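Here's the letter readout for the chains.
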Amino acid sequence: MPWAVHSFTLGPALEPLAPASMLGLEGPCWVGLGPDGGLAVSEEFGDVRLFGSARQPLCSLGDLTEHHFGTLAGVCTDAAGSVIVADEQRRQVTLFPRARAPICLVSEGLRWPLGVACVPQGQLMVADAEDGYIKVYQSHLELA
């Protein structure tokens, strides 16, 4: 069953403006800022879809890189435009740099990685639901 993600901006009176729908998704779970102002959406059934700033479909990371995902969770983009994805089933966080093969950033010590975030200083934060910790890695660029 295809699903959709709807996005819009809010006007001064908090009314929705310029709604856009991203269709054809298979169980969208997590959404994050994608490269170049777009969106990255992780799907329950094993892929990450990228959408441009006008919410047009760009690609699927699985198709683009031939990477096989487990059960996806959090997704974010770093300052260089690389997409970072948490994989619950594989217990790892993977970096998808532009025009390069995927790189496993963290697997050791992760039990149930759910959320991921990058901070401007280059740190990678991973929410591990199994032990209830937010794990901070000083520079995800050094991990790659």
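The rules behind the values
Residues numbered from 1 in each chain as written. Predicted model: local features only at pLDDT ≥ 70, side-chain atom pairs only at ≥ 80, totals over all residues. Heavy atoms only, no water. Helix = DSSP H or I, 4+ residues; strand = E, 2+ residues; numbered from the N terminus. Rg over C-alpha atoms; globule rule 2.2 N^0.38 Å. Buried < 20%, exposed > 50% of the residue type's maximum accessible area, 1.4 Å probe, protein only. Contact = heavy atoms within 4.5 Å. Areas by Shrake-Rupley, 256 points an atom, 1.4 Å probe, with all protein chains shown as cover. Lys, Arg positive; Asp, Glu negative; His and termini not counted. Charge placed at Lys NZ, Arg CZ, Asp CG, Glu CD. Patch = residues over 30% accessible without salt bridge, like charges linked within 9 Å, V, L, I, M, F, W, Y side chains within 5 Å. Salt bridge = Lys/Arg side-chain N within 4 Å of Asp/Glu carboxyl O. Pairing = 2+ DSSP bridges. Axes fitted to C-alpha atoms, helices over the stretch in contact; angles between N-to-C directions.

Chemist: Honestly, the overall build of the protein in this entry has me stumped. Any pointers?
Modeler: Of the regular secondary structure elements, the protein holds two helices and 13 strands. Taking 2.2 N^0.38 as the reference for a compact globule, 144 residues should give roughly 15 Å; the C-alpha atoms of the protein span a radius of gyration of 15 Å, in line with that estimate. Considering only C-alpha atoms, the protein reaches an extent of 45 × 35 × 30 Å along its principal axes. When burial is assessed residue by residue, the protein has 44% of its 144 residues classed as buried. Considering only contacts within the protein whose residues lie at least 6 apart along the sequence, 28% involve residues at least 24 apart. Total accessible area on the protein stands at roughly 8,000 Å², and carbon and sulfur atoms take up 56% of it. A gap of 3 Å separates the mean positions of the 8 positive and 16 negative side-chain charges of the protein.

Chemist: Hey, could you run me through a nonpolar patch on the surface in this one?
Modeler: Together, Phe 8, Leu 10 and Leu 14 make up an exposed nonpolar region whose accessible area comes to about 340 Å². Looking at the element boundaries, Leu 14 is found in the loop between β1 (3-10) and β2 (16-25). Look at Leu 14 and you get exposed, because its relative accessible area is 63%.

Chemist: Explain the sheet that holds strand β4 (residues 39-43) to me, please; I cannot follow it from the model alone.
Modeler: What links the strands of a sheet is backbone hydrogen bonding, and the strands pair in either a parallel or an antiparallel sense. The strand order β3-β4-β5-β6 describes an open sheet built from four strands, whose pairing is antiparallel. The open sheet has two free edges, formed respectively by β3 (28-33) and β6 (57-60), since each of these has just one partner strand. When the angles between neighbouring strand axes are averaged without regard to direction, this sheet yields 20 degrees. Bridge count between β3 and β4: five bridges; the pairing is antiparallel. Along β4, the bridge assignment pairs Trp 30 with Ser 42.

These figures come from the coordinates and say nothing about function on their own.
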